[in-house]
Amino acid sequence: MTQFDQSMQFRAPDAHHETAAASPWVQRFSALIRDGGEVLDFACGSGRHARWLAQHGCRVEAVDRNADALRALSGIERVRVTQADLEAGDWIYAGRQFDAVVVTNYLFRPRFEALLDTVRHGGVLIYETFMHGNAQFGRPSSPDFLLAPGELLQRCMNGWQVVAFEQGIVSVPRPAAIQRICAVRGTDAAMTLP
Ligand SMILES: C[S@@+](CC[C@H](N)C(=O)[O-])C[C@H]1O[C@@H](n2cnc3c(N)ncnc32)[C@H](O)[C@@H]1O
């Protein structure tokens, strides 16, 4: 298990203290999503990102298996809610692609490649979740739920332009070891950095 020393600590400049707030990483890189684009908020929970993205003009498909959590999203303009088990049964996004896919605090490796395929050419992947080293802070602590060092970068090595990648220890919204990436599908996309 990788441990990080103090020199690797960083703090998002505009980080929020409530976990209900949209992640600053998602907010920042959502600027790369085309106006009015269709976004998949994957394993959305109660939909902090679906809500934020819809408020900023995106059309959002918010999917999770937890019906109670999804109830918080009912009736929100531009948000379509889907309840599904994303780890069992048929892959419900076969043949579907989005202008952006947002994943936070969730990892299920067996469907990682299928998930990447839901990003259309020129579309944006915004991913942020826990990584090895997080066990010292609490859960998740199982390797199944923790990214390996550099894993998101490795997974976007071919066919993606990596716009930004970070890994290390954060102090807000609570101490955690996290990894995050923003990548655009295709190697010929020209973009203005947010
Ligand atoms: C830690 S929460 C993250 C929620 C949201 N992405 C966020 O960051 O606020 C993890 C979410 O994954 C969902 N989840 C876990 N296993 C799932 C599965 N097999 N199918 C669909 N959703 C699942 C849970 O219901 C939960 O809402």
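Above this text sits the structure in question.
For every chain, the first residue of the written sequence is number 1, and numbering continues from 1 along that sequence. Where totals are concerned, whole chains, interfaces and linings use all residues; where local detail is concerned, this predicted model gives features only for residues with pLDDT of at least 70, and gives and counts side-chain atom pairs only at 80 or more. In computing side-chain values, all of the structure's heavy atoms are included and hydrogens and water are not.

A. Quick peek at the overall build of the protein chain. Working definition: helices are DSSP H or I runs of at least four residues, strands are E runs of at least two. Numbering for both runs from the N terminus. Regarding its fold elements, the protein chain presents five helices and seven strands. Reading the helices (α) and strands (β) of the protein chain from amino to carboxyl end gives α-β-α-β-α-β-β-α-β-α-β-β. In the protein chain, buried positions account for 47% of the 194 residues. For the protein chain, restricting intrachain contacts to residue pairs at least 6 apart in sequence, the fraction spanning at least 24 positions comes to 58%. Buried residues are those whose accessible area, probed at 1.4 Å on protein chains only, stays under 20% of the maximum for their type, while exposed residues exceed 50% and partly exposed ones sit between those limits. The contact rule is simple, with two residues in contact once any of their heavy atoms fall within 4.5 Å.

B. Geometry of the site of the ligand. Close contacts around the ligand come from 14 residues, with Ala43, Arg48, Asp64, Asp85 and Thr104 the closest. Within 3.5 Å is the distance limit for a polar contact, defined as a pair of N or O atoms, with the added protein rule that one can donate a hydrogen and the other accept it, and that residues adjacent in sequence qualify only through two side-chain atoms. Separating an oxygen atom of the ligand from a side-chain N or O atom of Asp64 is a distance of 2.5 Å. Glu87 places a polar side-chain atom, nitrogen or oxygen, 3.4 Å from a nitrogen atom of the ligand. Across the complex, the protein chains shield 79% of the 590 Å² of accessible surface that the ligand would expose by itself. Near is defined per residue: the residue qualifies when any heavy atom it owns lies within 4 Å of the molecule or strand. Here the open area of atoms and residues is found with the Shrake-Rupley method and a 1.4 Å probe, where only the protein chains shown may cover a residue.

C. Representation of the environment of Ile76. Secondary-structure assignment places Ile76 in the loop between α3 (67-70) and β3 (79-83). Taking relative accessible area as the criterion, Ile76 reaches 24% and is therefore assigned partly exposed.

D. Quick peek at the pattern of salt bridges. Definition used for salt bridges: Asp or Glu carboxyl oxygen within 4 Å of a side-chain nitrogen of Lys or Arg. Here the structure, examined in full by the defined rule, presents 13 salt bridges. A salt bridge links Glu61 to Arg80; the shortest N-O distance between them is 2.8 Å. One end of the pair, Glu61, is in strand β2 (residues 59-64); the other, Arg80, is in strand β3, and 19 residues separate them in sequence. Bridged by salt links that share partners, the residues Glu38, Glu61, Arg80 and Arg96 form one connected network.

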